[in-house]
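Summary of the model geometry
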Amino acid sequence: MRTRLFPALSREVSEVGLGCWQLGAEWGDVSDAQAATVLQTAHEHGITFFDTADVYGRGRSERRLQAFLAAGHRPVVATKVGRFPDPGLPQNVAFEVMRRHVQASRERLGVPILDLVQLHCLPRDLLFAGAAFAHLRRLREDGLLRAWGASVESVAEAERCLQEPDCASLQIIFSVLRQTPAVSGLLDRAAARGVAVIVRLPLASGLLAGNWRPDTKFAADDHRTFNRDGAAFHVGETFAGLPWERALAVVEGVRPLLPVGVPMAVAAMRWVLDHPAVTTVIPGATKPTQVVANASASTVAPFGAERHQRLREYWRTEVQPFVRGND
Ligand SMILES: NC(=O)c1ccc[n+]([C@@H]2O[C@H](COP(=O)([O-])OP(=O)(O)OC[C@H]3O[C@@H](n4cnc5c(N)ncnc54)[C@H](OP(=O)(O)O)[C@@H]3O)[C@@H](O)[C@H]2O)c1
């Protein structure tokens with residue numbers, strides 16, 4: 001596993017991390033034993049960056065990470081604040097509420113200080129108002145967290161965060177199906193300022209593994225059932241914002257543009273890693289075999305410029321016009 005520098009923490013982190021939303025809720029049933037095996041497998045394959053949030057299963061993802069950390073592992077754990085249901089938005093960005101939520105994450109993770117706390121896709125008006133940045137800054141000064149960053153839905157929101165001189169990281173959706181962060185120059189601007197880039201949804205919720213068919217079904221409590229058109233949260237967070245039928249079609253368009261002999265999920269992640277401004281990519285996983293495959297993207301050969309060009313052209317004409325919620 002190759003590592004990349006996370007500047008604000010002065011730490012090297014694995015370039016392939018692990019997304020831990022799956023260890024909380026909204027991805028069907030993942031048992032305690034399954035979650036523990038996923039985490040242990042990640043550790044054994046060199047993964048040292050884990051992304052979670054207070055709201056994932058109302059603390060369940062963080063508690064499962066605590067059980068893992070209790071074994072003595074010392075990875076970087078990034079959590080998020082802002083979307084916990086009690087009391088909910090907009091009250092969650094009030095200083096005292098944010099402090100309470102951050103304290104709760106600290107206790108659930110069982111750490112004296114949180115490595116990284118990210119604003120969790122705040123609605124644009126709340127993000128742009130700026131008070132949430134100031135509150136996280138205060139919590140850092142109070143010793144609750146080492147660094148703060150933001151998970152955002154759009155390039156415009158990411159640019160707003162870059163105006164804050166001490167923003168440590170940006171978490172964004174970026175994949176062969178969501179190329180705007182590279183095309184717009186955002187990635188390069190973040191890197192130039194020493195801001196870590198954390199890439200979520202590299203597989204467009206699993207779509208880019210290339211295994212689904214029109215009759216593929218997901219559990220009732222899986223967001224790929226209930227949020228495919230944005231009924232519960234931002235539409236861009238499920239299948240990268242593509243309508244189901246279009247999503248299945250574009251996978252078949254992308255497939256022949258990827259290298260032969262590399263599993264499609266691994267190739268999709270290699271594409272992300274080929275962008276040097278990316279600090280770590282955080283695929284989620286419900287099975288240890290997925291973790292092993294995803295970690296292997298670090299050792300696959302980079303794509304050549306011509307392949308990148310073909311994938312960009314395909315995205316521009318066949319994918320980007322159909323993505324909902326991507327601005
Ligand atoms: N607003 C936010 O801040 C936000 C929003 C979304 C996600 N995130 C973070 O980003 C992480 C990643 O995003 P995501 O989980 O939504 O999307 P993703 O990483 O694109 O997709 C994850 C899903 O892809 C499938 N998968 C993973 N590896 C695979 C492999 N090697 N082969 C075949 N299938 C594979 C699994 O589906 P099955 O479960 O069907 O096996 C897995 O649950 C999350 O875990 C979370 O930590 C943050």
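A brief look at the structure comes next. (Residues numbered from 1 in each chain as written. Predicted model: local features only at pLDDT ≥ 70, side-chain atom pairs only at ≥ 80, totals over all residues.)

Within the chain, the secondary structure is distributed over 13 helices and 10 strands. For the chain, whose C-alpha radius of gyration is 18 Å, the value lies close to the compact-globule estimate of 20 Å for 327 residues. When each of the 327 residues of the chain is scored for burial, the buried share is 48%. Here the contacts in the chain between residues at least 6 apart in sequence split such that 78% fall between residues at least 24 apart. (Helix = DSSP H or I, 4+ residues; strand = E, 2+ residues; numbered from the N terminus. Rg over C-alpha atoms; globule rule 2.2 N^0.38 Å. Buried ≥ 20, exposed ≤ 12 C-beta atoms within 10 Å, placed from the backbone. Contact = placed C-beta atoms within 7 Å.)

A few words now on the site of the ligand. Residues in contact with the ligand amount to 30 residues; listed here are only the nearest, Gly 19, Arg 200, Gly 206, Ala 209 and Gly 284. The element contributing the most residues to the shell around the ligand is helix H12 (residues 288-295), with 3 residues. A breakdown of the residues in the shell around the ligand according to their chemical character gives 14 nonpolar, 11 polar and 5 charged. (Near = placed C-beta within 6 Å. Nonpolar A, V, L, I, M, F, W, Y, C, P; charged D, E, K, R; others polar.)

In terms of burial, strand S5 (residues 76-81) is a largely internal element, 6 of the 6 residues being buried. Of the two faces of S5, the one carrying Val 76, Ala 78 and Lys 80 and the one carrying Val 77, Thr 79 and Val 81 are both buried. Pairing analysis gives 3 bridges linking strand S4 (residues 49-51) to S5, with the strands arranged parallel. Looking at S5, one finds that Phe 49 is bridged to Val 76. As a crossover connection, the stretch from S4 through helix H2 (residues 60-69) into S5 is right-handed. Bridge count between S5 and strand S6 (residues 114-120): 4 bridges; the pairing is parallel. Counted as the bridge partner of Lys 80 is Gln 118 from S6. (Pairing = 2+ DSSP bridges. Right-handed = clockwise from strand over helix to strand, strands pointing away.)

Moving on, we come to the sheet that holds strand S10 (residues 280-281). Strand order in this open sheet of 8 strands is S3-S4-S5-S6-S7-S8-S9-S10, and the pairing throughout is parallel. Both edges of this open sheet fall to strand S3 (18-19) and S10, since each of them pairs with a single strand only. Across 6 bridges, S6 lies against strand S7 (residues 145-151) in parallel orientation. Within S7, the residue paired with Leu 116 across the bridge is Ala 147. Helix-sheet contacts for helix H3 (residues 95-109) involve S5, S6 and S7, and the interaxial angle to S5 is about 145 degrees. (Axes fitted to C-alpha atoms, helices over the stretch in contact; angles between N-to-C directions.)

To continue, consider the packing of H3 against helix H5 (residues 131-141). Between H3 and H5, the shortest axis-to-axis distance is 10 Å and the interhelical angle comes to 50 degrees. Here H3 lies oblique to H5, going by the angle between them. The element H3 and its partner H5 pack so that their crossing is right-handed. For the pair H3 and H5, contact is made by Phe 95, Met 98, Arg 99 and Val 102 and by His 135, Arg 138 and Leu 139, respectively. A breakdown of the residues in the contact of H3 with H5 according to their chemical character gives 4 nonpolar, 1 polar and 2 charged. (Parallel < 35°, antiparallel > 145°, perpendicular 65-115°, else oblique. Left-handed = near helix turned anticlockwise from the far one by under 90°.)

Taking 1.5 Å of rise per residue, the 15 residues of H3 would be expected to cover 21 Å, and the 21 Å separating its terminal C-alpha atoms lies within 8% of that figure. All buried positions along H3 are accounted for by Met 98, His 101, Val 102, Ser 105, Arg 108 and Leu 109. Buried residues in H3, looked at end-on, bunch into an arc of 125 degrees, giving them a common side. Buried residues along H3 sit against H2, S5, S6, H5 and S7. Gly 110, located one to two residues past H3, shows a positive phi value of around 70 degrees. (Expected span 1.5 Å × (residues − 1). Arc of directions from axis to C-beta.)

Most of S7 is tucked away: 6 of the 7 residues are buried. Of the strand pairs in this sheet, S7 and strand S8 (residues 169-173) are connected by 2 bridges, and their pairing is parallel. From the neighbouring strand, Ala 150 faces S8, where its bridge partner is Leu 170.

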